[in-house]
Amino acid sequence: MSLAASSIFSLRQRLTAGEISPADILADLSTAILARDPEIGAYLSFDLEAAQIEAAAADLSLPLGGIPIALKDNINVLGQPCTCGSRFLERGYTSPYNATVTERLRAAGAVPFGRMNLDEFAMGSATENSALQITRNPHDLSRIPGGSSGGSAAAVAGNLAIAALGSDTGGSIRQPASHCGVVGLKPSYGRVSRYGLVAFASSLDQIGPLTRTVEDAALILQAIAGPDRRDSTCLDVPVPDYLEDLKKGVAGLRLGIPKEYFDEGIDPAVRALVEAAAARLQAAGAELVEISLPHTEHAVATYYIIAPAEASSNLSRFDGIRYGRRAPSPADLDDLYRSSREEGFGADVKRRIILGTYVLSSGYYDAYYSRAQKVRTLIRRDFEQAWGQVDAILAPVAPTPARKIGEASSDPLQEYLSDICTLAANLAGICAISVPCGTVPSGEGTELPVGLQILGPHLGEATLLRIAKAAEL
Amino acid sequence: MANQSIDVRRIANLSRLKLTEEECGVFQRQLESILGHVESLGALDVEGIEPTSYPATVYDVMREDVPGPSLPVEAVLQNAPEQAQEQIRVPKVIAEA
């Protein structure tokens, strides 16, 4: 197997045995990128020379020593671009500082390498809303990789990256992981610092890994989790050893099957694969328990009030003054703001800013925003009640396999509704993972991956990873 | 719930977005469809339910007040579209008398 197609775990064994060097991995990756990324389009940029210098000095005794890790292009690395897939930051922005996850990866010996494509400002679920380029699904180049962390997922799936970080506000790690057949973990709210992640919706955003194996996801989470004085939402709670119990199996665990996630809106082929995965876990000793999460149907409406509201506030910093695009020859200061934002933002971003501004505006705040926050409480309570009965919950990640590129509905609501299976985890702040559970034939000679979603209680990543390990094919 | 008609031009002004006529028309249609879906929350009884603004169990976290280095001026200014005299240059803010 080529180095570029290997897991972190196997590369680490070969590195510590002295069989290979970090430079060999980077060289192999760069060959793979040059050969195949022109058709996949996962990378927005990469700096091989800087990575080689860093890799030469990597401490191989550390847990991720010598491993290159790709970053979604909304995570800051000092001296590198951070475009967020937007015309706003395409030029005129070089990161003046490191995100905490960047520092943590480096402290664990990893080498940040590559800036991965995403829907503009992480808003979307296809990576078609990147203003800079399209990313294609390595399993079927006519199809989307999912999004918004589509570049991260496609690179890992296409053997163009060993592992990657993404961000997940409403499914943006899990859904592309499902569509591309890789592992994608959204940690619990507060588990990983967001300092240096360009904010989309601050009460929902989390950074997490996209990897080839569950073990690799555990290795990366181990490196990036833990308190950070620069992110007050990052919890000061000890980080357990995620590898310790990874292989303990699922005997005796109770796994919930929420009926609301298996209704007629789910493609029968997807449902069959998820149910088969559940049956395998049952055969491995887990007990399946039918449960109900009665407010699931309200997740889309709740999310599409709260997330745009927070985005409209967070994106007000893009004003053409301090960094990024500034419109030429503005009439006055107000025109500078308006023209820079008009030129810099794409349609989906503008639509969400307007929606968010509307639901926060005078006269509508109570009817929309306050009410959505209360329904969010109901959605959280659904899960809190479930944890009294079960250790984790099994569900699909997306209602269908990856659709064709360019076949998005002209009605954004239809796209938003396809997020139904992933939004609740962000609203409730719990952890969730997508792990490949099989493929569906496309009818055109390709096989489309499908992910099993496992949802766990807040800070329940150790058990989540253990179940994911048992479910891994 | 609120009336689902939305004055896109007015909200775009609040958002400091310019928008072309075409964008206004498209957003009007799309946002009315989204708001139509969002109306469904109006049917839920949320009387007495506490709102969730953050899904965290802790609030008002304070870190120790320890001074540390800030970004150097040149690191901040490297990204400024226009600069002069170690400052970010902007169009004139104060109007002529």
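Because the structure is a prediction, the values reported are computed rather than measured.

Colleague: Report on the overall build of chain B, specifying residues and quantitative values.
Modeller: For chain B, the helix and strand inventory stands at three helices and two strands. Written out in order from the N terminus, the α and β elements of chain B read α-α-α-β-β. Relative to the globule expectation of 13 Å for 97 residues, the C-alpha radius of gyration of chain B, 23 Å, shows a markedly less compact shape. Overall, the C-alpha framework of chain B stretches about 55 × 45 × 30 Å when taken along its three principal axes. Out of the 97 residues in chain B, the part that is buried amounts to 18%.

Colleague: Any chance you could break down the interface of chain A and chain B for me, citing the residues and the numbers?
Modeller: Of the residues lining the interface, 59 residues belong to chain A; the matching set on chain B comes to 45 residues. Secondary structure elements with two or more residues in the side of chain A that touches chain B: α10 (299-314), α11 (333-344), α12 (347-360), α13 (366-386) and α14 (412-417) of chain A. Top contributing element to the side of chain A that touches chain B by residue count: α13 of chain A, with twelve residues. Within the side of chain A that touches chain B, the residues separate by chemical class into 28 nonpolar, 17 polar and 14 charged.

Colleague: Break down the nonpolar core for me, citing the residues and quoting the values.
Modeller: Residues and elements named next belong to chain A. Core analysis: the biggest nonpolar cluster contains 159 residues, and I69, A164 and I454 have the highest contact counts within it. The element contributing the most residues to this core is α10, with ten residues. With near-sequence residues (within four places) excluded, A164 lies in contact with I69, A70, L71, K72, M116, S152, A155, V156 and L210.

Colleague: Describe unusual backbone geometry, and please don't skip the residues or the numbers.
Modeller: Glycine aside, residues mostly have negative phi angles, and peptide bonds mostly take the trans form. Residue and element names in this part refer to chain A. In this structure, S148 follows G147 across a cis peptide bond, with omega equal to 10°. Among the structural elements, S148 can be located in the loop between β3 (111-116) and α6 (150-157). The phi angle at C84 is positive, at roughly 55°, despite the residue not being glycine. Looking at the secondary structure, you find C84 in the loop between β2 (68-72) and α4 (87-90). One non-glycine residue with positive phi stands out, namely N159, at about 60°. Mapped onto the elements, N159 comes out in the loop between α6 and β4 (164-168).

Colleague: Lay out the domain arrangement of chain A with the relevant residues and their values.
Modeller: Residue and element names in this part refer to chain A. Each assigned domain of chain A is listed here: domain 1 (3-224), domain 2 (254-292 + 380-471) and domain 3 (301-366). Just the C-alpha atoms count here: the centres of domain 1 and domain 3 sit 27 Å apart. Opposite the 20 residues of domain 1 that make contact, domain 3 presents 18 residues. Each residue belonging to the side of domain 1 that touches domain 3 can be placed in one class, and the counts come to ten nonpolar, eight polar and two charged.

Colleague: Describe the environment of Y54 of chain B, and please don't skip the residues or the numbers.
Modeller: Mapping Y54 of chain B onto the fold places it in the loop between α2 (21-38) and α3 (73-77). Ignoring sequence-local partners within four residues, the contact set of Y54 of chain B consists of S203 and T233 of chain A.

Colleague: Describe the packing of α10 of chain A against α13 of chain A, naming the residues involved and giving the relevant values.
Modeller: Residue and element names in this part refer to chain A. With their axes 9 Å apart at the nearest point, α10 and α13 run at an angle of 125° to one another. Between α10 and α13, the angle falls in the class oblique. Judged by the twist between their axes, the crossing of α10 over α13 is left-handed. On α13, the residues that touch A299, T302, I305, I306 and A309 of α10 are Y368, Y369, A372, Q373, V375, R376 and I379.

Colleague: Outline the sheet that holds β3 of chain A, listing residues and values.
Modeller: Backbone hydrogen bonds are what pair the strands of a sheet, in a parallel or an antiparallel way. Residues and elements named next belong to chain A. Taken in spatial order, the eleven strands of this open sheet run β1-β3-β2-β4-β6-β5-β10-β11-β9-β7-β8, and their pairing is mixed. The strands lining the two open edges of the sheet, one partner per strand, are β1 (43-45) and β8 (287-291). Averaged over all pairs of adjacent strands, the angle between their axes in this sheet comes to 35°, without regard to strand direction. Summarising the sheet, strand β5 (residues 183-186) and strand β6 (residues 206-211) pair through two bridges and their orientation is antiparallel. Along β6, the bridge assignment pairs V183 with T211. Relative to β6, helix α8 (residues 214-224) is tilted by about 145°, and along the sheet it contacts β5, β6 and β10 (431-441).

Colleague: So, the packing of α10 of chain A against α2 of chain B: which residues are in play, and what are the values?
Modeller: For the pair α10 of chain A and α2 of chain B, the least separation of the axes is 9 Å and the interaxial angle reads 125°. When the interaxial angle is binned, α10 of chain A and α2 of chain B end up oblique. In terms of crossing hand, the pair formed by α10 of chain A and α2 of chain B is left-handed. Counting all contacts with α10 of chain A, which are made through V300, A301, Y304 and I305 of chain A, the residues of α2 of chain B involved are I34, H37 and V38 of chain B. Its residues assigned to classes, the contact of α10 of chain A with α2 of chain B comprises six nonpolar, one polar and no charged.

Colleague: I'd like to hear about the pairing of β2 of chain A, residue by residue, with values.
Modeller: Residue and element names in this part refer to chain A. Along β2, five of the five residues are buried, which leaves the element largely enclosed by surrounding structure. Where burial is concerned, the two faces of β2 agree: the one with P68, A70 and K72 and the one with I69 and L71 are both buried. Pairing of β2 with β3, which is carried by four bridges, proceeds in the parallel orientation. What sits directly across from P68, in β3, is V111. Bridging between β2 and β4 involves two bridges; their strand directions are parallel. Paired with L71 across the bridge in β4 is L165.

The rules behind these values
- Residues numbered from 1 in each chain as written.
- Chains lettered and ligands numbered in written order.
- Predicted model: local features only at pLDDT ≥ 70, side-chain atom pairs only at ≥ 80, totals over all residues.
- Helix = DSSP H or I, 4+ residues; strand = E, 2+ residues; numbered from the N terminus.
- Rg over C-alpha atoms; globule rule 2.2 N^0.38 Å.
- Buried ≥ 20, exposed ≤ 12 C-beta atoms within 10 Å, placed from the backbone.
- Contact = placed C-beta atoms within 7 Å.
- Nonpolar A, V, L, I, M, F, W, Y, C, P; charged D, E, K, R; others polar.
- Core = buried A, V, L, I, M, F, W, Y, C linked by C-beta atoms within 7 Å.
- Domains from an automatic or database assignment.
- Axes fitted to C-alpha atoms, helices over the stretch in contact; angles between N-to-C directions.
- Parallel < 35°, antiparallel > 145°, perpendicular 65-115°, else oblique.
- Left-handed = near helix turned anticlockwise from the far one by under 90°.
- Pairing = 2+ DSSP bridges.

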